[in-house]
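Residues per chain, in single letters:
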Amino acid sequence: MTLVIAVRNFDAEEWAERMRKRLPGKEVVIWQEGAVLPEDVEYVLAWKPEEAVFETIKAPKAIFSLGAGVDHLMKLDNLPEAPVVRIVDPDLTARMTEWVVLQVLLHHRSHLTYDAQQADRLWKGHRQPAAKHVRVGLLGLGELGGDAARALSRLGFKVSGWSRRSKVIEGVKSYAGDERLDAFLANTDILVNLLPHTTATTGLVDGELLSKLAQDGALGGPVYINAGRGATQVEADIAKMLQEGTLKGASLDVFADEPLATESPLWDAPGCVITPHVAAESDPEALSDYVAEQIKAFEAGRPLQNVVDPRTGY
Ligand code: NDP
Ligand code: OXD
């Protein structure tokens, strides 16, 4: 019985080798039309798979996303009715928290200004608000948002988060549901987006939403940070607000279309930091262990972990 590797933008041969090592009793096959008998396929390990994959493989026992995000699968019209398992991995979570903390501090500590000053050999200090006077709000308080919120709270920031369901996290104020979004935004100086891309979050962060952020904060203007998914934001609105100064800064790791087009105005918008979807580069060995352990546990009769709810799409 077979595990199919259907990973675009990754080295499929390396992934097949990793899985063969961990699952010696399984046939591991790299996706290719005609390479497998559909009825033999038990599992699919997928990242942005070609449409043809699920035209052929109609009834696997489970589909593993090679990433924490599953929007690349949930958007497929022909996705089989099998459980979709997403990545939840401490290494990935730690890397995301590092990136979020780095970006928050970079804006909080005026690092872009000092960078520009260094280029001009200019020695000049600027006013430094204490972390306790800066309000950081996280859109999404799941695996990644929750961990980043705890780290930011430990650094002394005033932290809150918005999610569908209410949360109890020490040092973090929880806002839940659409009806609490405006109150959350009004109390946020630095907005961190760690939402999944679903039908409910598409284009959520637009000019109208960003204009509801606190205007009276210690940083002198709101800042927007996104490492969730690009399709949850309206890039033209962000670029416009950075240009006119109604957004003081931004850090963007994800975009609706990746790689970001060279002609995008975001590349040289004032106060904008761009990273190429690397906020949480994952350790392939840790991810391979995770998938192999899940398959072994499932075959021993235990339930799969971190299964996506098809009703919410994350
Ligand atoms: P989780 O599923 O653990 O958390 C998602 C959070 O978003 C939850 O708190 C959830 O609320 C909230 N949420 C979802 N929909 C809504 C909504 N409509 N209204 C309010 N809150 C909502 O996901 P992770 O934290 O593990 O990952 C988040 C995303 O990060 C991934 O989906 C992926 O897109 C992205 N990612 C990006 C990476 C990168 O390198 N840039 C790397 C890894 C992931 P509730 O808790 O109530 O369910
Ligand atoms: C993602 C990931 O979902 O890298 O972006 O895990």
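Everything numeric in this text was worked out from a predicted model, so none of it was measured.

Q: Any chance you could explain the packing of aromatic side chains here in plain terms?
A: Each aromatic ring pair is characterised by the separation of its centres together with the angle its planes make. Counting across every chain of the model gives five aromatic pairs. Relative to Trp47, the ring of Phe10 has its centre 6.2 Å away and its plane inclined at 75 degrees; by these criteria the two rings are edge-to-face. Here Trp47 lies in strand S3 (residues 41–47) and Phe10 lies in the loop between strand S1 (2–7) and helix H1 (12–22), a separation of 37 residues in the sequence. Classification of Trp47 by relative accessible area gives buried; the value is 9%. Here Tyr175 and Phe184 contribute two aromatic rings whose centre-to-centre distance is 5.6 Å and whose plane-to-plane angle is 65 degrees, an arrangement assigned as edge-to-face. Of the two residues, Tyr175 and Phe184, neither departs from the other in class, the shared state being buried. Ring pairing ties together the aromatic residues Phe10, Trp15 and Trp47, which thus form one cluster.

Q: Would you mind going over the packing of helix H4 (residues 90–108) against helix H6 (residues 143–154) with me for this structure?
A: To describe two helices that pack against each other, one gives the angle between their axes and the distance between the axes. Two numbers describe how H4 lies on H6: the axes approach to 9 Å, and their chain directions differ by 50 degrees. With respect to their mutual orientation, H4 and H6 come out oblique. Remark: the crossing between H4 and H6 carries right-handed chirality. The segment H4 lies against H6, with Leu92, Thr93, Met96, Thr97, Val100, Val101 and Val104 engaging Glu143, Leu144, Asp147, Ala148, Ala151 and Leu152. Residues that form the contact of H4 with H6 fall into these classes: nine nonpolar, two polar and two charged.

Q: When you look at the sheet that holds strand S5 (residues 84–85) in this model, what are you seeing that I'm missing?
A: Pairing between the strands of a sheet comes from backbone hydrogen bonds, and it takes one of two forms, parallel or antiparallel. Strand order in the open sheet formed by five strands is S2-S1-S3-S4-S5, with parallel pairing between adjacent strands. The sheet terminates laterally at strand S2 (27–30) and S5, the two strands that pair on one side only. Pairing geometry for S1 and S2, over four bridges, is parallel. Each residue of the ladder has a partner; that of Thr2, found in S2, is Glu27. Along the sheet, helix H10 (residues 284–299) makes contact with S3, strand S4 (62–65) and S5, crossing S3 at roughly 155 degrees.

Q: Before we go on, may I ask you to explain the site of ligand 2 in this structure?
A: The environment of ligand 2 is formed by Trp47, Gly67, Ala68, Gly69, Leu92, Arg229 and His277. Contact distances for ligand 2 include 2.8 Å between an oxygen atom and a backbone N or O atom of Gly69. At 2.7 Å, a side-chain N or O of Arg229 approaches an oxygen atom of ligand 2. Against a free-state accessible area of 210 Å², the protein chains account for coverage of 82% of ligand 2. Of the residues that constitute the shell around ligand 2, the class distribution is three nonpolar, three polar and one charged.

Q: How should the site of ligand 1 be read in this particular structure?
A: Close to ligand 1 lie 29 residues, the nearest being Arg86, Arg165, Lys167, Asp253 and Tyr314. Where the shell around ligand 1 is concerned, the elements lending two or more residues are H4, H6 and strand S7 (158–163). Per-class residue counts for the shell around ligand 1 are 15 nonpolar, seven polar and seven charged. Each of domain 1 (2–89 + 282–299) and domain 2 (90–274) accounts for three or more of the residues forming the shell around ligand 1.

Calculation notes
- Residues numbered from 1 in each chain as written.
- Chains lettered and ligands numbered in written order.
- Predicted model: local features only at pLDDT ≥ 70, side-chain atom pairs only at ≥ 80, totals over all residues.
- Heavy atoms only, no water.
- Phe/Tyr/Trp six-rings, centres within 6.5 Å; stacked < 30°, edge-to-face > 60°.
- Helix = DSSP H or I, 4+ residues; strand = E, 2+ residues; numbered from the N terminus.
- Buried < 20%, exposed > 50% of the residue type's maximum accessible area, 1.4 Å probe, protein only.
- Axes fitted to C-alpha atoms, helices over the stretch in contact; angles between N-to-C directions.
- Parallel < 35°, antiparallel > 145°, perpendicular 65-115°, else oblique.
- Left-handed = near helix turned anticlockwise from the far one by under 90°.
- Contact = heavy atoms within 4.5 Å.
- Nonpolar A, V, L, I, M, F, W, Y, C, P; charged D, E, K, R; others polar.
- Pairing = 2+ DSSP bridges.
- Near = heavy atom within 4 Å.
- Polar contact = N/O pair within 3.5 Å; in protein donor to acceptor, adjacent residues only side chain to side chain.
- Areas by Shrake-Rupley, 256 points an atom, 1.4 Å probe, with all protein chains shown as cover.
- Domains from an automatic or database assignment.

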